[in-house]
Amino acid sequence: MANKHIVIDPITRIEGHMRIEAVIDDATNTVVDVFCSSTMFRGIETILKGRDPRDCGLMAMRICGVCTVTHFQRSIEAVENAFNVQVPANARLMRNLIQGALFMHDHLVHYYHLHSLDWVDVISALDADPHAAATEAAKWANVAGETPWTADAAIFSAMKERLAKFVAKGRLGIFGNGYWGNSSYKLTPAQNLVAITHYFQALEVQRDLGQMMTIIGGKDPHPQSLVVGGITSINDIRDPERMKLFRDLALRVRQFIKGAYIPDMYMLAQMYKDEMSAGSGAGLKSFLVYGGFPLNDGPIEQAAKLFPGGIVHNGDLTKVTDFDPALVTEDVTHAWYAAPSPEHPSVGTTTPDYTGFKNITNGVAYLDTDNKYSWIKSPLYDDQRVEVGPLARMIVGYARGDVRIKGYVDNFITRANITVDHLYSSAGRTIGRALESELMSDIITDWVDELNTNIASGDLTSWTKFDFNAVSQNAQGYGVEEAPRGALGHWIRIENGKVANYQAVVPSTWNAGPRDHLGRLGAYEESIKGLKVANINEPLEILRTVHSFDPCIACAVHVVDTRGKELGSFKVDPICGL
Amino acid sequence: MEKDLAIQKSIFSKISGIDTNKGDDFYEDLYKRCEERIDALQAVNPFTEDELEEVLVEEGYNRRDFMKWVSATTAMLMLPGFFEPLVAKTVQVLNRVPVIWINLQDCAGNSEAFLRTDGPTVDELILEIISLEFHELLMAPSGEHAEQQLENAMTTFKNEYLLFVEGAIPTAENGIYGTIGTSGETYVDHLVRLSADAKAIVAVGTCATFGGIPAAAPNPTGARGVMDIVSNKPIVNIPACPANPANMLGVILLYAMTGELPELDSLLRPKFAFGYRIHDACERRVHFDAGEYVEEWGDASAQAGHCLYKMGCKGPVTFNNCPTVKYNRGTSWPVAAGHGCIGCSEPGFFDKFDRFEAPTPFNPNYNPASDFQIAAGIGLFAAYKTATQEESAQEGYHGE
Ligand code: SF4
Ligand code: SF4
């Protein structure tokens, strides 16, 4: 039987640029081999070299316009760690608030606007009975034990009409040319109508979250209120009106998460249970969490964390090992860089070695998959491939017996009538993200209250003073924490007040990296391998799985060091015609 | 420092900015032309007032919210009040403006900003109201199906579509730092190909306009802005990091209304948004004039909301409408959040302005000749540069 080699580029509904090449067995329609590549990079680490460390946060956050707050914080934390500066309580809380809002924003936009179309057939919703949709909405909210966000047939009816008009005009815009009608879509028309209605409603709710970030950050994306040693927006937190606005918006978001997002997950778990039992898209099943959201003051590495760090190996929940930043390395065997062996980010080098595509046949370019094929490096933890992200946080927290996390997970699997094992799947990754959003929506108002109490007690400290000249002559530090997509770390070395070396190891690098020195697949690749594709011309299942990670490739490809290197030494493959 | 400050103060106390009133004849003539244009668009395929009303109601807005938005937007576009009905009418024909949006060397920040399009209420409808034909971040199909969608849009709307470009364009090494599509087309080729049939190009964000962060020294990938690559098409630059979504919408609205691109400055920025400095409209301006400055993060002056000039604010030399338009439903803007402006909408950002938090905004080696062509700006810049040069040299800039 012949194999078909397909190329998917661009992968849309992700941040950044990614290409997937998959080899599909014609007889079984199964993915037998897969290669994930990034085809863009910018070189931000190189650009940071020689700058003032206090400028890094404002520049490093531009690595990504999506988890911008996280990069901003990690970069600033890396400098604070190098300078041995601890931020005051008000700054810790505000950083948690802005990043907590970011987590919910990111997850909501991811599920509804970037991912749901892999599970939801927009066109099928046209056949829905709005009353049946209302019943569905009420039913799943009921399973969740919550009040539905919308269970009004009139609203579903209006949405259906709107969609119908859209379609009648003959132009679907961004919904055009989707894989509508593919047999891999499992929701009923009524369920599809519920989901697409939530798609539009979520557009509005994510703006609430944007507003919450702006209350603290001054703007969003790319906020501007964090500084080495603290925060600048002290007047916003001193203002009860502002904090009330933040809190009110948070409550509305929570309502949506509980009344729409979580019920949609129960619906998904029910309708795609077969995929989950089959472990479709499970991938590596080894999970890494750096740890995130400090819950008390003092050195951030020692603080208790909302998401505890650790590593779970091969889906074994009985053992968790502690995270040790010393065991992080990056391998470039199959990435367009040169390095003799995997390197720790504190001494990491990034020397480009672009070898281009292997060939172009009938206008289609093919990656040179035996050799180098991506601008993303392959991070290793203790020389193992691992997955990072919301599911990793839920799994590691669960294995650790973290009461809060375990509560959300157990509640869900009980009501959905599934087991933890079901979570090792594409749908499981998607559910993990929703559970984390719910958790965050519950705790974030507590943080507002904590902040208000602290301010009311008269503590207006927003910044820790330090003597820049004294601390910046020869310093080294790192900021490792969690981003919405998973473990994110920045490593910095400072000499004579300037950045001497800068490296970031980010979630999508962990997950999207190509094969390593032992030929082991990265998390995306491992998860896609073995998928069965209903229609080889519509690789919906591949998209479903890769989107379940919420790829952020702009973020993953920030690494290149051409400084001091002759540009002429690049190897540009003449065949690829670049 | 105190002496320099005195010099700078005298310079920055002058108001920059553009003529906001061009006289009755001008506006009457413009009004007539817009009316004709809208009538023509309506004839093509009306998105009737009823339909708009319906959508408004569905989204939970009423006519009053809408009219409030209309008058805020009319003011932002620097049009006289009697244009308001025209602006309202224009919204009804916005779905006749096809938009193709491409992402190059970007961080998706402008797309994210666009998604959060704030402003009073009605902006929320934009996804539905404009005709977004291709947008990688939001569109359903991938791979070949996405490419086909793009082909369809380009053919159907040949010479009609607005091409929005987000991200810089890597030019080093024949463009290897960015390829897209099954054929592995470089970004440069992609941009040139898509520009050919576009009506006009809108470069959104500082990367697409002036190169932004990828172009910061040492510019490892040879990143450039759109206007360095495309020469034979009208281009509008909407810089800032990210560009304010209100300004993106403003450009689309003006285009729909007039059939033309907005009036631009020499850097191709719409004057309605970039015609005056941050400093001119800043809420902390009274403190600047009164000599009340924040000296240290979190000090008593910071708590009192004093001027951030000494903390590195680049507002005096940055052209943008942040203080008036603000962000996310008008909730805040960076200076309100207690941090100085970092000059994100200016060419040369980042190299020109770091250290961002020290009152020494300029790299002495940076060539300002192309920057401030608004006459007042040139004078300002020269004087400012002299006044701060010594300090800059001491700080030791790395940019080349
Ligand atoms: S904060 Fe900045 S823009 Fe505002 S008055 Fe002071 S220097 Fe000018
Ligand atoms: S205040 Fe300055 S740095 Fe901030 S967004 Fe506006 S122009 Fe950019």
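Everything numeric here is computed off the predicted structure, so don't read it as measured data.

## Regarding the overall build of chain A
Here comes step 1: Counting its regular elements, chain A contains 18 helices and 18 strands.
Here comes step 2: Computed over the C-alpha atoms, the radius of gyration of chain A is 24 Å, within 12% of the 25 Å expected from 2.2 N^0.38 for a compact globule of 578 residues.
Here comes step 3: With the C-alpha coordinates aligned to their principal axes, the bounding extent of chain A is approximately 70 × 65 × 50 Å.
Here comes step 4: The proportion of buried residues among the 578 residues of chain A is 69%.
Here comes step 5: Counting contacts in chain A only where the partners sit at least 6 residues apart, residues at least 24 apart contribute 76% of the total.
Here comes step 6: A total of about 16,700 Å² of accessible surface is found on chain A, and carbon and sulfur atoms cover 50% of it.

## Brief notes about the sheet that holds strand S18 (residues 498-505) of chain A
Residue and element names in this part refer to chain A.
Here comes step 1: Across the sheet, 3 strands lie side by side as S16-S17-S18; this open sheet has antiparallel pairing. The sheet terminates laterally at strand S16 (474-483) and S18, the two strands that pair on one side only. Ignoring strand direction, the axes of neighbouring strands in this sheet form an average angle of 15 degrees.
Here comes step 2: As paired elements, S16 and strand S17 (residues 486-495) share 10 bridges and run antiparallel to each other. Residue pairing across strands places Asn474 opposite Glu495, the latter belonging to S17.

## A few points about the interface of chain B and chain A
Here comes step 1: Facing 94 residues of chain B, the contacting portion of chain A comprises 101 residues.
Here comes step 2: When the area that chain B buries against chain A is broken down by residue, the three leading residues are Arg116, Gln303 and Arg329 of chain B, summing to 8%.
Here comes step 3: Linking chain B with chain A are 6 salt bridges, by the criterion used here.
Here comes step 4: A salt bridge links Lys465 of chain A to Glu296 of chain B; its shortest N-O distance comes to 2.4 Å.
Here comes step 5: Inspection of the chain B/chain A interface yields 22 residue pairs in polar contact (both at pLDDT 80 or more).
Here comes step 6: Residue assignment for the side of chain B that touches chain A shows that the elements contributing at least two residues are helix H3 (49-58), helix H6 (109-115), helix H7 (126-129), strand S2 (131-135), helix H8 (143-156), strand S5 (179-180) and helix H15 (300-303) of chain B.
Here comes step 7: For the side of chain B that touches chain A, the leading source of residues is H8 of chain B, giving 6 residues.
Here comes step 8: In terms of residue class, the side of chain B that touches chain A is made up of 41 nonpolar, 32 polar and 21 charged.

## Comments concerning the site of ligand 1
Here comes step 1: Around ligand 1, the surrounding shell holds 13 residues, and the nearest of these are His279, Cys282, Cys307, Leu308 and Cys313 of chain B.
Here comes step 2: Of all the secondary-structure elements, those providing two or more residues to the shell around ligand 1 are helix H13 (278-281) and helix H14 (285-290) of chain B.

## Digging into the UniProt feature "binding site: Fe cation" (unreviewed entry) in chain A
Residue and element names in this part refer to chain A.
Here comes step 1: Within this structure's numbering, the places UniProt gives as "binding site: Fe cation" (unreviewed entry) are Cys67 and Cys555.
Here comes step 2: Residue position: Cys67 is located in the loop between helix H2 (56-60) and helix H3 (68-83).
Here comes step 3: Overall, the relative accessible area of 1% leaves Cys67 in the buried class.

## Describing the packing of H8 of chain B against helix H9 (residues 187-196) of chain B
Residue and element names in this part refer to chain B.
Here comes step 1: At a minimum axis distance of 10 Å, the contact between H8 and H9 shows a crossing angle of 35 degrees. In this structure, H8 contributes Leu150, Glu151 and Met154 to the contact, and H9 contributes His190, Arg193 and Leu194.
Here comes step 2: Looking at side-chain class alone, the contact of H8 with H9 contains 3 nonpolar, 1 polar and 2 charged residues.

## So, the pairing of strand S1 (residues 98-103) of chain B
All names here are of chain B.
Here comes step 1: Within S1, 6 of the 6 residues are buried, which leaves the element mostly enclosed by the surrounding structure.
Here comes step 2: Neither face of S1 is exposed, since Pro98, Ile100 and Ile102 on one face and Val99, Trp101 and Asn103 on the opposite face are all buried.
Here comes step 3: Across 4 bridges, S1 lies against S2 in parallel orientation. Each bridged residue has a counterpart across the sheet, and for Val99 the counterpart in S2 is Leu132.
Here comes step 4: Of the pairings in the sheet, the one linking S1 to strand S3 (residues 162-166) comprises 5 bridges and is parallel in character. Opposite Asn103, over in S3, you have Glu166 as the bridge partner.

## Focus on the packing of aromatic side chains
Residues and elements named next belong to chain A.
Here comes step 1: Taken as a whole and assessed by the stated rule, the structure comprises 40 aromatic pairs over all chains.
Here comes step 2: A centroid spacing of 5.6 Å and a plane angle of 45 degrees characterise the contact between Phe83 and Phe466, whose relative ring orientation is tilted. You can see Phe83 sitting in helix H3 and its partner Phe466 sitting in the loop between helix H13 (426-456) and helix H14 (468-471), a full 383 residues away along the chain. Each member of the pair, Phe83 together with Phe466, is buried.
Here comes step 3: Ring geometry for Trp149 against Phe256: centres 5.1 Å apart, planes inclined by 85 degrees, an arrangement best described as edge-to-face. Here Trp149, found in the loop between helix H5 (130-144) and helix H6 (153-168), pairs with Phe256, found in helix H9 (residues 240-271); they are 107 residues apart in sequence, far enough to count as distant.
Here comes step 4: Residue Trp149 is classed as partly exposed on the basis of its relative accessible area, which comes to 25%.
Here comes step 5: Look at Phe256 and you get buried, because its relative accessible area is 0%.
Here comes step 6: For the cation-ring pair, Arg162 lies above Phe200, with the distance from its terminal atom to the ring centre recorded as 5.2 Å.
Here comes step 7: We note Lys377 situated over the ring of Tyr337; from NZ or CZ to the ring centre the distance is 5.8 Å.

## Regarding H9 of chain A
An α-helix turns once per 3.6 residues; consequently, residues spaced three or four apart project the same way.
Residues and elements named next belong to chain A.
Here comes step 1: Under the 1.5 Å per step criterion, the end-to-end length of H9 is 45 Å for 32 residues, consistent within 8% with the ideal 46 Å.
Here comes step 2: Taking the largest bend as the criterion, H9 deviates by roughly 35 degrees, centred on Ile257.
Here comes step 3: Its side-chain oxygen 2.9 Å from the backbone nitrogen of Glu241, Asp239 forms the N-cap of H9.

## Considering the packing of H9 of chain A against H13 of chain A
Residues and elements named next belong to chain A.
Here comes step 1: In contact at an axis separation of 9 Å, H9 and H13 are set at 160 degrees when each is read in the N-to-C sense. Relative to H13, H9 is oriented roughly antiparallel. The interaxial crossing formed by H9 with H13 has left-handed handedness.
Here comes step 2: Looking at the contact of H9 with H13, its residues break down into 16 nonpolar, 5 polar and 7 charged.

## Points about unusual backbone geometry
Glycine aside, residues mostly have negative phi, and peptide bonds are mostly found in the trans state.
Here comes step 1: With an omega dihedral of 0 degrees, the bond running from Asp220 of chain A to Pro221 of chain A counts as a cis peptide bond.
Here comes step 2: Here Pro221 of chain A shows up in the loop between helix H7 (189-217) and strand S4 (226-227).
Here comes step 3: Along the chain, Ala217 of chain B connects to Pro218 of chain B via a cis peptide bond; the corresponding omega equals 5 degrees.
Here comes step 4: Turning to its location among the elements, Pro218 of chain B is positioned in the loop between helix H10 (205-210) and strand S8 (223-224).
Here comes step 5: For Asp550 of chain A, which is not a glycine, the phi torsion comes out positive at approximately 60 degrees.
Here comes step 6: The residue Asp550 of chain A is located in the loop between helix H17 (540-547) and helix H18 (553-556) in this model.
Here comes step 7: Judged by relative accessible area, Asp550 of chain A falls into the buried class, the value being 1%.

Definitions and cut-offs
Residues numbered from 1 in each chain as written. Chains lettered and ligands numbered in written order. Predicted model: local features only at pLDDT ≥ 70, side-chain atom pairs only at ≥ 80, totals over all residues. Heavy atoms only, no water. Helix = DSSP H or I, 4+ residues; strand = E, 2+ residues; numbered from the N terminus. Rg over C-alpha atoms; globule rule 2.2 N^0.38 Å. Buried < 20%, exposed > 50% of the residue type's maximum accessible area, 1.4 Å probe, protein only. Contact = heavy atoms within 4.5 Å. Areas by Shrake-Rupley, 256 points an atom, 1.4 Å probe, with all protein chains shown as cover. Pairing = 2+ DSSP bridges. Axes fitted to C-alpha atoms, helices over the stretch in contact; angles between N-to-C directions. Buried area = accessible area lost by both parts, 1.4 Å probe. Salt bridge = Lys/Arg side-chain N within 4 Å of Asp/Glu carboxyl O. Polar contact = N/O pair within 3.5 Å; in protein donor to acceptor, adjacent residues only side chain to side chain. Nonpolar A, V, L, I, M, F, W, Y, C, P; charged D, E, K, R; others polar. Near = heavy atom within 4 Å. UniProt positions renumbered as here; feature names shortened; annotations may be inferred. Phe/Tyr/Trp six-rings, centres within 6.5 Å; stacked < 30°, edge-to-face > 60°. Lys NZ or Arg CZ within 6 Å of the ring centre and 35° of its normal. Expected span 1.5 Å × (residues − 1). Bend = angle between axes of the 7 residues up to and from the residue. Parallel < 35°, antiparallel > 145°, perpendicular 65-115°, else oblique. Left-handed = near helix turned anticlockwise from the far one by under 90°.

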